2 protein chains.
Amino acid sequence: MIDRQTKFLIVGLGLMGGSYARGLKRRGYTVYAIDKNPDSIAFALQKGWINGGATMDRTLIQQADVVIFGLYPHAMIQWIQTHQSDLKPGIFITDVSGVKCHIVDAVQALLRPDVEFIASHPMAGKEVSGVQNADDAMFLEANFLITPTERNTPEGIAFAEEFAKILEFHHIAVLSLREHDEMIGFVSQLTHAIAVSLMNCNDNPHLHEYTGDSFRDLTRIARINEVLWAELFFANQDVLVKEIDAFTAELQNLKNKLIEHDEEGLKALFVQSTQRRKRFDK
Amino acid sequence: MIDRQTKFLIVGLGLMGGSYARGLKRRGYTVYAIDKNPDSIAFALQKGWINGGATMDRTLIQQADVVIFGLYPHAMIQWIQTHQSDLKPGIFITDVSGVKCHIVDAVQALLRPDVEFIASHPMAGKEVSGVQNADDAMFLEANFLITPTERNTPEGIAFAEEFAKILEFHHIAVLSLREHDEMIGFVSQLTHAIAVSLMNCNDNPHLHEYTGDSFRDLTRIARINEVLWAELFFANQDVLVKEIDAFTAELQNLKNKLIEHDEEGLKALFVQSTQRRKRFDK
């Protein structure tokens, strides 16, 4: 489905789009990019991560065999509304969005029927943004999630799998939109909500003089792109609120063991968390 | 105060005691150890991390110029009660305990007046325990906290500082017992309570197939020694409960921004956490 003639178009050349471009180009594919910031295009061209690019160029859209959106969800929806008439018939489109339900439904509802949007989510990232920080090496240890709907075809799913294999993702999984958003609400959004709250609940400016690795690890992701993450949090609000409540109840349970001086109960919590965490270290 | 003739005695040759032994021996000091487990002594001897050791030997106690406790707090208090009559007059004693208020008061209240207990806390550790995992390299990036009381002398504090400099700790700080326990309740105990609760609040056995780095980072310390940490949590219970409440209130604040769809308020939380976290990356 993807071969040496395939022309990729990356729309939105930031950290993720840039990493895709870099990884595809490194493997000999033809990659073009569109980004509203001319500096991003110039940077990637100079690095040799794209064959060409522009802030806007209809011929780049018209010749693309695969389009990958590295845009924020709402910007992607607007872009498709404006430019979909220029897409080549029969092509596959995918994205990088961290939340799926409402966004995929919106895209598929407005998209031309002769183009297939197969949503995916590369579970990789950094605390910094921009094409300047793009690095396809982060995909080698990462999970790639494909989230088809009833509007997708087996060919669309196969295309997404082939794409992930080319970039050598560590693991590929196929989930429903709902499964994806519930899982992401837990492993990604709840963790960011916790890190941000942990960083914000104490304003001692000397903390860094005393802290150990634990606090540094738990707050690494408190450095957060507020525009992107506000959009992602609101797009998955119901799930995230439910996860915050479940986590808070568990933390209160631990607190109650402390207050009641329930030593065996507290140790049982530690034993359970240790056993569960070991599964991640295999 | 510490010189090439100084004989160190490590009581409790686990992860921390073993790392101290290894670091001191590497730098040419004379190090003996007492541990109830003969395998730990044999392992350290075979590695060359101690000059000698025993499960119990009064002459090792009688000849020691510095005694360092790598025991759990209550075990240390019991050991001192039983064996302090064998200590050489005028020596300094220190420990590794992660909580200070009640423990240091208890030790200083029962200790012979001609021996000085200057409490300290090396802010280093691993998710694994035992002398087999000892590694003094972890001190090079770590903070060393000294927590004197009114019973300590300037010489005692200077001894602890000299000890930390020999092991090349990254930063040395002097705090009161209360300051120490409040800070530890936040940066260490609250973070462990969060990690444990995050790991426990979702029992999906397939999480590791989907997760990204964020969840892995936030739950690394959910692998926890339940005996040690239950003791540390209960020893600092009042502070930890207060910190759990403050953190929970902050997380509820974030949740309320979501429910109220307060986009500017949510972004402001992200901007604040980002600014604060940057101080840790300098």
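Anything mentioned here points back to the structure above.
First, a word on scope: everything that follows refers to the structure included in this document.

Procedures and definitions
Residues numbered from 1 in each chain as written. Chains lettered and ligands numbered in written order. Predicted model: local features only at pLDDT ≥ 70, side-chain atom pairs only at ≥ 80, totals over all residues. Heavy atoms only, no water. Helix = DSSP H or I, 4+ residues; strand = E, 2+ residues; numbered from the N terminus. Expected span 1.5 Å × (residues − 1). Bend = angle between axes of the 7 residues up to and from the residue. Buried < 20%, exposed > 50% of the residue type's maximum accessible area, 1.4 Å probe, protein only. Least-squares fit on C-alpha atoms with pLDDT ≥ 70 in both. Axes fitted to C-alpha atoms, helices over the stretch in contact; angles between N-to-C directions. Parallel < 35°, antiparallel > 145°, perpendicular 65-115°, else oblique. Left-handed = near helix turned anticlockwise from the far one by under 90°. Contact = heavy atoms within 4.5 Å. Nonpolar A, V, L, I, M, F, W, Y, C, P; charged D, E, K, R; others polar. Pairing = 2+ DSSP bridges. Right-handed = clockwise from strand over helix to strand, strands pointing away.

Here the focus is helix 7 (residues 177-200) of chain B. Residues and elements named next belong to chain B. In this model, helix 7 (24 residues) spans 32 Å end to end at C-alpha, consistent with the 34 Å of a helix rising 1.5 Å per residue. The largest bend along helix 7 reaches roughly 45° and is located at Gly-185. Counting buried positions along helix 7 gives 21 out of 24 residues, so the element sits mostly inside the fold.

Here chain B sits on chain A after a turn of 180° about the axis and a move of 0.0 Å along it, with an RMSD of 0.0 Å. When the rotation and shift are considered jointly, the pair of chain copies conforms to a two-fold rotation axis. Distance from the rotation axis, computed per C-alpha, reaches its smallest value in chain B at Leu218(B): 2.4 Å.

This next bit is on the packing of helix 12 (residues 263-278) of chain A against helix 10 (residues 226-235) of chain B. Closest axis-to-axis distance for the helix 12 of chain A/helix 10 of chain B pair is 9 Å, and the angle between their directions is 130°. With respect to helix 10 of chain B, the axis of helix 12 of chain A lies oblique. Relative to helix 10 of chain B, the crossing made by helix 12 of chain A is right-handed. Residues Glu263(A), Leu266(A), Lys267(A), Phe270(A) and Val271(A) of helix 12 of chain A touch helix 10 of chain B, and the partners they reach there are Glu226(B), Val227(B), Trp229(B), Ala230(B), Phe233(B) and Phe234(B). The residue makeup of the contact of helix 12 of chain A with helix 10 of chain B, split by class, is 8 nonpolar, no polar and 3 charged.

This next bit is on the side chain of His180(A). Locating His180(A) in the fold gives a position in helix 7 (residues 177-200). Among all residues touching His180(A), those that are not within four sequence positions of it are Gly98(A), Val99(A), Lys100(A), His121(A), Leu145(A), Thr147(A) and Leu175(A).

Here we take up the pairing of strand 9 (residues 171-174) of chain A. Residues and elements named next belong to chain A. Direction of pairing for strand 8 (residues 143-146) relative to strand 9: parallel, over a ladder of 4 bridges. Bridge pairing links Phe-144 to Ile-172 in strand 9. After leaving strand 8, the chain enters helix 6 (residues 154-166) and then returns to the sheet as strand 9, a path that is right-handed.

Bringing helix 11 (residues 237-259) of chain A into the picture now. Relative to the 33 Å expected for 23 residues at 1.5 Å per residue, helix 11 of chain A spans 32 Å between its end C-alpha atoms, a close match to the ideal helical length. Residue His261(A) follows helix 11 of chain A closely and has a positive phi angle near 50°.

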